[in-house]
Amino acid sequence: MSDIGFVRTEMLPEREPPASTVGALGWARANLFSNWFNSILTLASLYAIYAILAAILPWVFSPTWNGASLNNCREILTAAGSVGDHGTSGACWGVIRERWIQLLFGFYPSELYWRPVLAFILLGVALAPVLFSDNVPSKMLIFSALYPFIFPWLLWGGTIWGPIAALAGFVLGWVVYSAVSKTMSSLMGIVLGAVAALVWWLLLSSYFTGALNSILPIGIEVVESRKFGGFMLSITIGVVAIACSLPLGIVLALGRQSDLMIVKYICVGFIEFIRGVPLITLLFVASTLLNIFMPPGTNFDIILRVLIMVTLFAAAYMAEVIRGGLAALPRGQYEGADSLGLNYWQAQRLVIMPQALKISIPGIVSTFIGVFKDTTLVSIIGLLDPLGLSNAIRADANWNGVVWELYGFIALLFFIFCFGMSRYSMYLERKLHTGHR
Amino acid sequence: MSELAIDREIDRSKMQVSDEIAIEITNMNKWYGAFHVLRDINLTVNQGERIVIAGPSGSGKSTLIRCLNALEEHQQGKIVVDGTELSNDLKNIDKIRSEVGMVFQHFNLFPHLTILENCTLAPIWVRKTPRKEAEETAMHFLEKVKIPEQANKYPGQLSGGQQQRVAIARSLCMRPRIMLFDEPTSALDPEMIKEVLDTMIELAEEGMTMLCVTHEMGFARQVANRVIFMDAGQIVEQNEPEEFFNNPQSERTKLFLSQILGH
């Protein structure tokens, strides 16, 4: 045998990695102190964090929870001895203690606070089977489907027959659809079903509601839209816009890829128009211009108008995010579905959309977060969202001059919601990960 | 490309060509824009035939079999598959697609579904088979391609050869009368080609009508009853494998064979 010949007679066993590369010590070595430059950066960063915390924490932990006004807060702080170069140094938390409930509910009647609270608790119940489909029985989806009718009724109040009439419209549309699609084509069924539902909602349902209400007046106290405000308003607009913009965005994204010319150009035109116009403009249209086009005497609720505009705005962005996901799918997925005989809608629902939406999760959630934060823009057209309220609060003589505390509190609440959404999206991505593609 | 040896006896008892016509293509033409990809294709395939389509890349062989289940649209001529004519009528297209199985070069499994779900999806939604029955059928075919133990894994966790066998099982779950193979082994490592070819041979032994675009000349020689050679969008030569390999007639065929078998 020549000296380059080599034959392995037994395979090498696995061995433990060196102790200095695993555990907390190994982590610190690898990430914090891998060489002298990184060690200096680590120490400098630690000092910077310390300096920032040392400046902020005393301000945050100031004993002013019971302050009755800004001047009262200053007196408390002076008595406690925390006086800096520019007067007293410390937060004035009295404003939050006095006004937090207003920041949450606006001018909603205080004896009816249980209604929005119940509505948002039920929102959690309705979302649970959608968000955590593994851990929650899917029968609860029935409640999720009914929730869109319960939610506005709880918030705005009124007769119980209103939401029931709205629900009846869907039932009517469904009945017409299934009857027509069996005898004629399913396209005719969709069209006629939609027409039947619209006729019901626009023309007939008010008589139905009125008639039943005079026989059986069951209802709760009506709360007008102008009393809505605070985080309740932000969450209402945000949740409705998020929930409606996703299905609308899917339809728009599919329409944009459609082979049918008219459908395609309607979708492209809609998306490009909405994306080309600032949200503020759309909100002004909702608050002022729409009234000009309405027949005189029609009362089209301001919050409903804003909801429609924010939803359309979010849907245009959503459509583009989802189109990105669709574009990322290999052509083979469409061909695989086609070759098995799945029709267009089956292929979209079972094969294409689950994957396209999964790819788009980060973009979709970014859009959700953006929409939720954009709800603060409604303060410009006079709705009292938290930012609108903060201006009103600062106009109060007691709290004139308070800035950081109010905005900090609002920012904290927004952060909790947005961070929650972001974490959920990461959970979802992990859950849906099924190995490499 | 070397010729992979097929090291087992092939049972020819059920490999019988019947008189029933499975596919009939008359004067079919197709263009991509101005480019004439398929030119005057005439081809009749009987039930039970095993046809290998060979040819240089770009010769239109994949396009030809993709026209058979309307993944590509032809512009002229007539294609009749299993008695149904391929036209613009979506009902006909869906019917043909559910009767004709197709296996792709890149498997095209659905990565978000498990192996079992991949196999039951079309039977449940297209054939309206009850889930339990669809799952039993799927397990039957997964056993046939020898990977029942992978049923609850996702495609991304399987090797290429296993994925291709799942793709074959997925097609079989629809109980097709005709199977189309579009270069089923071209994306596989040499070690995995054999397991896929074995599965295809077993299918042929059961009398399945098969059209395979492939470069596996060993498979063509031993399993096919007809080899079709295409070049520049036309059928240049077709013959029984023995004649085709030992006594090619056209110059183009001779050149092709000398290049793929020559070393």
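Numbering of residues starts from 1 in each chain and follows the order in which that chain's sequence is written. Chains and ligands are labelled by the order in which they are written, letters from A for the one and numbers from 1 for the other. Where totals are concerned, whole chains, interfaces and linings use all residues; where local detail is concerned, this predicted model gives features only for residues with pLDDT of at least 70, and gives and counts side-chain atom pairs only at 80 or more. Calculation of side-chain values draws on the structure's entire complement of heavy atoms; hydrogens and water are dropped beforehand.

The name an unreviewed UniProt entry gives chain A is Amino acid ABC transporter permease, with Ruegeria aquimaris as the organism. Checking UniProt for chain A, the heading Sequence similarities (unreviewed entry) contains the comment "Belongs to the binding-protein-dependent transport system permease family. HisMQ subfamily." UniProt positions are given in the numbering used here, feature names are shortened, and annotations may be inferred rather than shown by experiment.

Attention shifts here to the nonpolar core. We define the nonpolar core as a collection of buried residues of types Ala, Val, Leu, Ile, Met, Phe, Trp, Tyr and Cys that are connected through side-chain atoms lying within 4.5 Å of one another. Each residue is placed in one exposure class: buried if its accessible area under a 1.4 Å probe, protein chains only, is under 20% of its type's maximum, exposed if it is over 50%, and partly exposed if it falls in between. In terms of nonpolar packing, the biggest core is built from 56 residues, with Ile322, Leu326 and Val351 of chain A touching the most fellow members. Considering each element in turn, this core owes the most residues, twelve residues, to helix H14 (residues 344-374) of chain A. The contact partners of Val351 of chain A, leaving out residues within four places of it in the chain, are Gln333, Ala337, Leu342 and Gln346 of chain A together with Phe110, His112 and Leu121 of chain B. Within the second largest apolar cluster, 48 residues are counted, among which are Leu158, Leu172, Leu203 and Met217 of chain B. Helix numbering and strand numbering both begin at the N terminus, where a helix is a DSSP run of H or I of at least 4 residues and a strand a DSSP run of E of at least 2. Whether two residues are in contact is decided by their heavy atoms, any of which lying within 4.5 Å being enough.

Residues and elements named next belong to chain A. Side-chain rings of Phe, Tyr and Trp (the six-membered ring for Trp) are treated as a pair once their centres are within 6.5 Å; stacked means planes under 30 degrees apart, edge-to-face means over 60, and tilted covers the remaining angles. Following the criterion strictly, the structure yields 23 aromatic pairs over all chains and no others. Summarising the aromatic geometry, the rings of Trp36 and Phe37 are spaced 6.0 Å apart at their centres and angled 80° between planes, so their arrangement reads as edge-to-face. The class for Trp36 is exposed, based on a relative accessible area of 64%. Measuring from ring centre to ring centre gives 5.2 Å for Phe372 and Phe414, while their planes differ by 55°; the resulting arrangement is tilted. Residue Phe372 is found in helix H14, and its partner Phe414 is found in helix H16 (residues 404-432); the two are separated by 42 residues along the sequence.

Residue and element names in this part refer to chain B. Strand order across the open sheet formed by six strands is E6-E7-E8-E3-E9-E10, with mixed pairing between neighbours. Both edges of this open sheet fall to strand E6 (100-103) and strand E10 (234-239), since each of them pairs with a single strand only. Going across the sheet, the axis of each strand differs from the next one's by a mean of 20°, ignoring polarity. The pairing of strand E7 (residues 178-182) with strand E8 (residues 209-213) spans five bridges and is classified as parallel. Residue pairing for E8: Met179 is matched across the bridge by Met210. For two strands to be treated as a pair, DSSP must find at least two bridges joining them. Think of each axis as a best-fit line through the C-alpha atoms, taken over the contacting stretch in the case of a helix, with angles from 0 to 180 degrees between the N-to-C directions.

For salt bridges, the criterion is a side-chain nitrogen of Lys or Arg within 4 Å of an Asp or Glu carboxyl oxygen. For the coordinates displayed, the defined rule picks out 23 salt bridges over all chains. Measuring nitrogen to oxygen at the nearest pair gives 2.8 Å for the salt bridge that ties Arg256 of chain A to Glu320 of chain A. Residue Arg256 of chain A is found in helix H9 (residues 230-256), and its partner Glu320 of chain A is found in helix H12 (residues 302-328); the two are separated by 64 residues along the sequence. Classification of Arg256 of chain A by relative accessible area gives buried; the value is 16%. Overall, the relative accessible area of 15% leaves Glu320 of chain A in the buried class. Between Glu202 of chain B and Lys146 of chain B there is a salt bridge whose closest N-O contact spans 2.8 Å. Of this pair, Glu202 of chain B sits in helix H6 (residues 190-205) while Lys146 of chain B sits in the loop between helix H4 (131-144) and helix H5 (160-172); the two residues are 56 residues apart in sequence, bridging distant segments of the chain.

This brings us to the environment of Trp93 of chain A. Within the secondary structure, Trp93 of chain A is located in the loop between strand E2 (87-88) and helix H4 (94-105). Contact partners of Trp93 of chain A, with chain neighbours within four places excluded, come to Trp59, Val60, Ser62, Thr64, Trp65 and Glu405 of chain A.

So, about the pairing of strand E2 (residues 35-46) of chain B. Residue and element names in this part refer to chain B. For strand E1 (residues 21-32) and E2, the ladder comprises eight bridges, and the chain directions are antiparallel. Along E2, the bridge assignment pairs Ile21 with Asn46. If you look at the hairpin formed by E1 and E2, you'll find two residues sitting between the two strands, and Gly33 has a positive phi there, around 60°.

Our next topic: the side chain of Glu405 of chain A. Locating Glu405 of chain A in the fold gives a position in helix H16. A polar atom in the side chain of Glu405 of chain A sits 2.8 Å from the backbone nitrogen of Cys92 of chain A. Pairs of N or O atoms within 3.5 Å make up the polar contacts considered here, provided that, within protein, one atom can donate a hydrogen while the other can accept it, and that residues adjacent in sequence are counted only when both atoms are side-chain atoms.

A separate point is the interface of chain B and chain A. Opposite the 23 residues of chain B that make contact, chain A presents 21 residues. What gets called buried area is simply the loss in accessible area from a 1.4 Å probe that two parts show on being joined, summed for both. With both chains or domains summed, chain B and chain A bury close to 2000 Å², and 61% of this area falls on carbon and sulfur atoms. Across the contact surface, chain B and chain A share two salt bridges. Between Arg66 of chain B and Glu335 of chain A there is a salt bridge, with its nearest N and O atoms 2.6 Å apart. Between chain B and chain A we count six residue pairs in polar contact (both at pLDDT 80 or more) in total. Those elements that provide at least two residues to the side of chain B that touches chain A are helix H2 (90-99), E6 and helix H3 (115-125) of chain B. Classification used: nonpolar for Ala, Val, Leu, Ile, Met, Phe, Trp, Tyr, Cys and Pro, charged for Asp, Glu, Lys and Arg, polar for all others including Gly. Taken together, the residues that form the side of chain B that touches chain A break down as 13 nonpolar, five polar and five charged.

Moving on, we get to the layout of surface pockets. With a probe scaled to a water molecule rolled over the atoms, the places where space remains empty come into view. Put simply, the grid is 1 Å and covers the protein atoms alone, a cavity is a trapped set of points that fit a 1.4 Å probe, a pocket is an open set with protein on both sides within 12 Å along at least five of seven lines, and lining residues have an atom within 4 Å of a point. Grid points are joined across faces, edges and corners, and a volume is the space filled by probe spheres set on the points. The volume enclosed by the second largest pocket comes to roughly 2400 Å³. Asp259, Asn343, Tyr344 and Trp345 of chain A together with Leu90 of chain B are, among the 43 residues lining the second largest pocket, the residues nearest its centre. For the lining of the second largest pocket, the secondary-structure elements that each account for two or more residues are helix H8 (186-215), H9, helix H10 (261-275), helix H13 (331-339) and H14 of chain A together with H2 of chain B. Among the residues making up the lining of the second largest pocket, the classes are represented as 22 nonpolar, eleven polar and ten charged.

To continue, consider empty space enclosed by the protein. One pass over the full model with this rule turns up three cavities of 30 Å³ or more. Residue lining of the largest cavity: Ser339 and Leu340 of chain A together with Arg97, Ser98, Val100, Gly101, Met102, Ser171, Met174 and Pro176 of chain B, and that is the complete set. For the lining of the largest cavity, the secondary-structure elements that each account for two or more residues are H2 and E6 of chain B. No other element matches E6 of chain B, which puts three residues into the lining of the largest cavity. Per-class residue counts for the lining of the largest cavity are five nonpolar, four polar and one charged. Along the walls of the second largest cavity sit Lys144, Val145, Ile168, Leu172, Thr199, Glu202 and Leu203 of chain B, which together make up its complete lining. Looking at which element gives the most residues to the lining of the second largest cavity, the answer is H6 of chain B, with three residues.

The next thing to look at is H14 of chain A. Residues lying three or four places apart along an α-helix face the same way, a consequence of the helix completing one turn every 3.6 residues. All names here are of chain A. Expected helix span is computed as 1.5 Å times (number of residues minus one). Its 31 residues give H14 an end-to-end C-alpha distance of only 36 Å, which falls more than 12% under 45 Å, the value for a rise of 1.5 Å per residue. For H14, the principal kink sits at Ile361 and spans about 60°; a proline, Pro362, occurs within the next four residues. Where H14 starts, the residue carrying a side-chain oxygen 3.2 Å from the main-chain nitrogen of Trp345 turns out to be Asn343. Think of it this way: the bend at a residue is just the angle between two axes, each fitted to seven residues, one set ending at that residue and the other starting at it.

For the purposes of this analysis, a disulfide is any pair of cysteine sulfur atoms at a distance within 2.5 Å. By the definition in use, this model includes one disulfide over all chains. With a sulfur-sulfur separation of 1.9 Å, Cys73 of chain A is cross-linked through a disulfide to Cys92 of chain A. When the S-S torsion is 65°, as for the bridge of Cys73 of chain A with Cys92 of chain A, the disulfide is right-handed. Placement of Cys73 of chain A in helix H3 (residues 70-80) and of Cys92 of chain A in the loop between E2 and H4 is noted, with a sequence separation of 19 residues between them. Here the two residues Cys73 of chain A and Cys92 of chain A agree in accessibility, since each one is buried. Distance from the sulfur of Cys119 of chain B, which forms no disulfide, to the nearest cysteine sulfur (Cys173 of chain B) is 4.6 Å.

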